[in-house]
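One letter stands for each residue in the lines below.
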Amino acid sequence: MGGLRCVDGSYLTVTPIPCTDSVGTPYEITLELRRDGTPYGIVGERCGWLLARLALGVSRAREGQGPAGPGEAGKWPDPDDRFPVGEGGSELFSFQYRARSGAMTGGELRCQLRTIPIWLPGEREWRVTRRAFVEAWGSSGVGMRAVLTSSELAAFVHGLVDEVEDCLGGGEGPQESG
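Being a predicted model, the structure only gives us computed values, none of them experimental.

Cut-offs applied
- Residues numbered from 1 in each chain as written.
- Predicted model: local features only at pLDDT ≥ 70, side-chain atom pairs only at ≥ 80, totals over all residues.
- Heavy atoms only, no water.
- Helix = DSSP H or I, 4+ residues; strand = E, 2+ residues; numbered from the N terminus.
- Buried < 20%, exposed > 50% of the residue type's maximum accessible area, 1.4 Å probe, protein only.
- Contact = heavy atoms within 4.5 Å.
- Areas by Shrake-Rupley, 256 points an atom, 1.4 Å probe, with all protein chains shown as cover.
- Pairing = 2+ DSSP bridges.
- Axes fitted to C-alpha atoms, helices over the stretch in contact; angles between N-to-C directions.
- Left-handed = near helix turned anticlockwise from the far one by under 90°.
- Nonpolar A, V, L, I, M, F, W, Y, C, P; charged D, E, K, R; others polar.
- Core = buried A, V, L, I, M, F, W, Y, C linked by side-chain atoms within 4.5 Å.

Caption draft 1: Region of interest: the overall build of the protein. Of regular secondary structure, the protein possesses three helices and eight strands. Relative to its 178 residues, the protein shows a buried fraction of 40%. Taking the intrachain contacts of the protein between residues at least 6 apart in sequence as the baseline, contacts between residues at least 24 apart amount to 45%. Surface exposure of the protein reaches about 9500 Å², of which carbon and sulfur atoms provide 50%.

Next comes the structure, spelled out in structure tokens:
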């Protein structure tokens, strides 16, 4: 069960819940969200493979590798500012609850990258950092936000991926749905 301390002091718990096939075999996961222990929402139907891909991408970005190439490490010398560069621009993921009717209700969990300038008065200059803003909304519409470095995001996502593998019986992990 992964969790994040949010900027408002609340605690967001994210727990993988196995999705099973017609004979009861787990093959993927959905995420259960709780706010300070209270049910908050269900999101990300069959999102395990996306989490596994993100975990690998964050690790590679921190090492200065990945789709952006080694130039990304020069642009962001602090590994805590390095995140994977995806096709979606600044959004690393967005998981929502989808009812059978296609309506999106019941919660959302998303992660966007934001660039934050910080004034350094002693050096009389700005330092630019990047952070992951993980935001969650429950079915009540009340939101939560955690601001993470890439190392904090890596720890969170790798922890979820480890739990997903446990949920699926330690096999090959979640399969990409097509």
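Further notes follow.
Caption draft 2: Spatial organisation of the sheet that holds strand S1 (residues 2-5). The strand order across the open sheet formed by four strands is S1-S2-S3-S4, and the pairing between neighbours is antiparallel. The open sheet has two edge strands, S1 and strand S4 (38-43), and neither has a second partner. Between one strand axis and the next, the sheet turns through 30 degrees on average, direction left out of account. Where strand S3 (residues 26-35) and S4 come together, five bridges link them in antiparallel fashion. Among the inter-strand pairings, Arg-35 is bridged to a residue of S4, identified as Thr-38. Across the sheet, helix H3 (residues 150-167) touches S1, strand S2 (11-20) and S3, and the angle it forms with S2 is around 30 degrees.

Caption draft 3: Focus on the packing of helix H1 (residues 48-62) against H3. Two numbers describe how H1 lies on H3: the axes approach to 9 Å, and their chain directions differ by 150 degrees. You can see that H1 and H3 cross each other, and the crossing is left-handed. Here Leu-51, Ala-52, Leu-54, Ala-55, Val-58, Ser-59 and Arg-62 of H1 come into contact with H3, specifically with Ser-150, Ser-151, Leu-153, Ala-154, Val-157, His-158, Leu-160 and Val-161. Considered class by class, the residues forming the contact of H1 with H3 number ten nonpolar, four polar and one charged.

Caption draft 4: Quick look at the pairing of S1. Of the two faces of S1, the one holding Gly-2 and Leu-4 is buried and the one holding Gly-3 and Arg-5 is not buried anywhere. Here four bridges tie S1 to S2, and the two strands are oriented antiparallel to one another. Bridge pairing in S2 places Gly-2 opposite Val-14. Where S1 hands over to S2, the hairpin turn is made up of five residues, of which Gly-9 adopts a positive phi near 95 degrees.

Caption draft 5: Looking closely at the nonpolar core. Ranked by internal contacts, the top residues of the largest apolar core, which has 35 residues, are Leu-12, Leu-31, Leu-109 and Leu-153. Not counting the four nearest positions on each side in its chain, Leu-109 is found in contact with Leu-12, Leu-31, Leu-33, Val-43, Phe-93, Ser-94, Phe-95, Val-134, Glu-135 and Ala-136.

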